[in-house]
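For reference, the chains in residue letters:
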Amino acid sequence: MAESLELNIMAPAGAGGGWDSAARSLQEVMMATGAAKSVQVVNVPGAGGTVGLAQFIGSAKGSSKQLLVAGITLVGASISNNSPVDLTKVTPVARLTGDPLVIVVPKDSPIKTMADLQAQIKTDVAKTIWVGGSAGGADHILAALVTKAAGADPAQVNYVAYSGGGESLAAMLGGQATAGVSGYGEWQGQIESGDLRALAISYPEPIEGIEAKPLKAQGLDIELVNWRGIFAGPGVEGPDLDALKAAVEKTVKSEQWKTVLKTRGWADYYAPSNEFQSFISYETQRVHDVLKSIGLAN
């Protein structure tokens, strides 16, 4: 049945960001492995993914042909935007990747270490300009947690949100920001070329091939995994859901998918549908608590 699937995958963000990359990687591997017959990717950016999510909930109800890529950033955006829709309203198919976020500064920055960045935040939180993805998303949460750990008020964090990975990168390279946050894989090229200096990663343990040390290893009790997963519409169940689960499982267990993970610097964070469902509930609560502490949630 999987081999005859004709799918549309929505990335609820602009081109060049993590969800777009995940959707296009799935498209490529699903077709290469024969997990699906054809796969189209559509981008619907806006409001941290909640614009795309609302559209998906409306159009994908009961549909066996539509999928949505989303992650922790959309959990945060739903809460901080007071959106009537969130990821508990769609059907989890599988958790896919969990990559570390990286904190970087421009190569010419006087800030050489996390301790330097903490000192700068403590001195003047308003003059410490952060760039990253959507307001209330994983990048923003990490900037706020680092600000809080420096002893400054996290509600005062000066954070400039961009919807595509390309825009925040341009701001970093143009020297318009003190520090930036992104998925490691998205800025790996610029870190390796020396255009950006990586100060730390948000993963709990060191990662092979990544020089930057975890925040935890640098004395900061902060960990954050930027996970991404794939969802079907509301009310998709029975044989339709089984076919989608089987197609995704075939994809993520393939050699081609392992190559994608390695190339993009993503960690394998696969969890099947049931496990992913309980994880979504837990994560929604955790993100809400963090956002509340920084004044972004009620």
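Everything below is about the structure shown above.
### With respect to the pattern of salt bridges
Working step 1: The full count for this structure, using the stated rule, is 10 salt bridges.
Working step 2: Across the salt bridge formed by E255 and K258, the nearest N and O atoms sit 3.5 Å from each other. In this pair, E255 and K258 both sit in helix α9 (residues 255–264), three residues apart, roughly one turn of the helix.
Working step 3: E255 sits in the exposed class, given a relative accessible area of 57%.
Working step 4: With a shortest N-O distance of 3.3 Å, E283 and R286 are connected by a salt bridge. Here the residue E283 and the residue R286 both occupy positions in helix α10 (residues 273–293), the gap between them amounting to three residues, near one helical turn.

### A few points about the packing of helix α1 (residues 18–33) against α9
Working step 1: Following both chains from N to C, one finds α1 and α9 inclined at 155°, their axes separated by 10 Å at the closest point. Overall, the two elements α1 and α9 adopt an arrangement that is roughly antiparallel. Handedness of the crossing formed by α1 with α9: right-handed. Residues S21, S25, L26, V29, A32 and T33 of α1 lie in contact with α9, whose contacting residues are Q256, W257, V260 and R264.
Working step 2: Residue composition of the contact of α1 with α9, grouped by class: five nonpolar, four polar and one charged.

### Details of unusual backbone geometry
Working step 1: Despite not being glycine, A47 shows a phi value in the positive range, around 50°.
Working step 2: Secondary-structure assignment places A47 in the loop between β2 (38–43) and α2 (50–59).
Working step 3: Even without a glycine there, the phi angle at N82 is positive, about 55°.
Working step 4: Tracing the chain through its elements places N82 in the loop between α3 (72–80) and β4 (91–106).
Working step 5: Residue class for N82 comes out exposed when judged on its relative accessible area of 59%.

### Quick word on the pairing of strand β7 (residues 179–183)
Working step 1: Most of β7 sits out of view: five of its five residues are buried.
Working step 2: Pairing of β4 with β7 involves four bridges; the strand directions are antiparallel. Residue pairing across strands places V102 opposite S182, the latter belonging to β7.
Working step 3: Here two bridges tie strand β5 (residues 129–132) to β7, and the two strands are oriented parallel to one another. Opposite V131, over in β7, you have G180 as the bridge partner.

### Describing the packing of helix α5 (residues 138–149) against α10
To characterise two packed helices, one gives the angle between the axes of the helices and the distance between these axes.
Working step 1: With their axes 10 Å apart at the nearest point, α5 and α10 run at an angle of 55° to one another. Classified by the interaxial angle, the pair formed by α5 and α10 is oblique. The element α5 and its partner α10 pack so that their crossing is left-handed. Contacts between α5 and α10 pair I141, L145 and K148 from the former with V287, V290, L291 and S293 from the latter.
Working step 2: Looking at side-chain class alone, the contact of α5 with α10 contains five nonpolar, one polar and one charged residues.

### Points about the packing of aromatic side chains
Working step 1: Within the structure shown, the criterion is met by five aromatic pairs.
Working step 2: Centre to centre, the rings of W227 and F279 are 5.3 Å apart; their planes meet at 75°, and the pair counts as edge-to-face. Of this pair, W227 sits in strand β9 (residues 225–232) while F279 sits in helix α10, and the two are 52 residues apart along the sequence. No difference in accessibility class separates W227 from F279, as the two residues are buried.

### Some details on the environment of K127
Working step 1: With respect to the helices, strands and loops of the structure, K127 is situated in the loop between α4 (114–123) and β5.
Working step 2: By relative accessible area, K127 is classed as exposed at 62%.
Working step 3: Along the sequence, K127 and V157 sit 30 residues apart, while their C-alpha atoms lie 9.3 Å from each other.

Calculation criteria
Residues numbered from 1 in each chain as written. Predicted model: local features only at pLDDT ≥ 70, side-chain atom pairs only at ≥ 80, totals over all residues. Heavy atoms only, no water. Salt bridge = Lys/Arg side-chain N within 4 Å of Asp/Glu carboxyl O. Helix = DSSP H or I, 4+ residues; strand = E, 2+ residues; numbered from the N terminus. Buried < 20%, exposed > 50% of the residue type's maximum accessible area, 1.4 Å probe, protein only. Axes fitted to C-alpha atoms, helices over the stretch in contact; angles between N-to-C directions. Parallel < 35°, antiparallel > 145°, perpendicular 65-115°, else oblique. Left-handed = near helix turned anticlockwise from the far one by under 90°. Contact = heavy atoms within 4.5 Å. Nonpolar A, V, L, I, M, F, W, Y, C, P; charged D, E, K, R; others polar. Pairing = 2+ DSSP bridges. Phe/Tyr/Trp six-rings, centres within 6.5 Å; stacked < 30°, edge-to-face > 60°.

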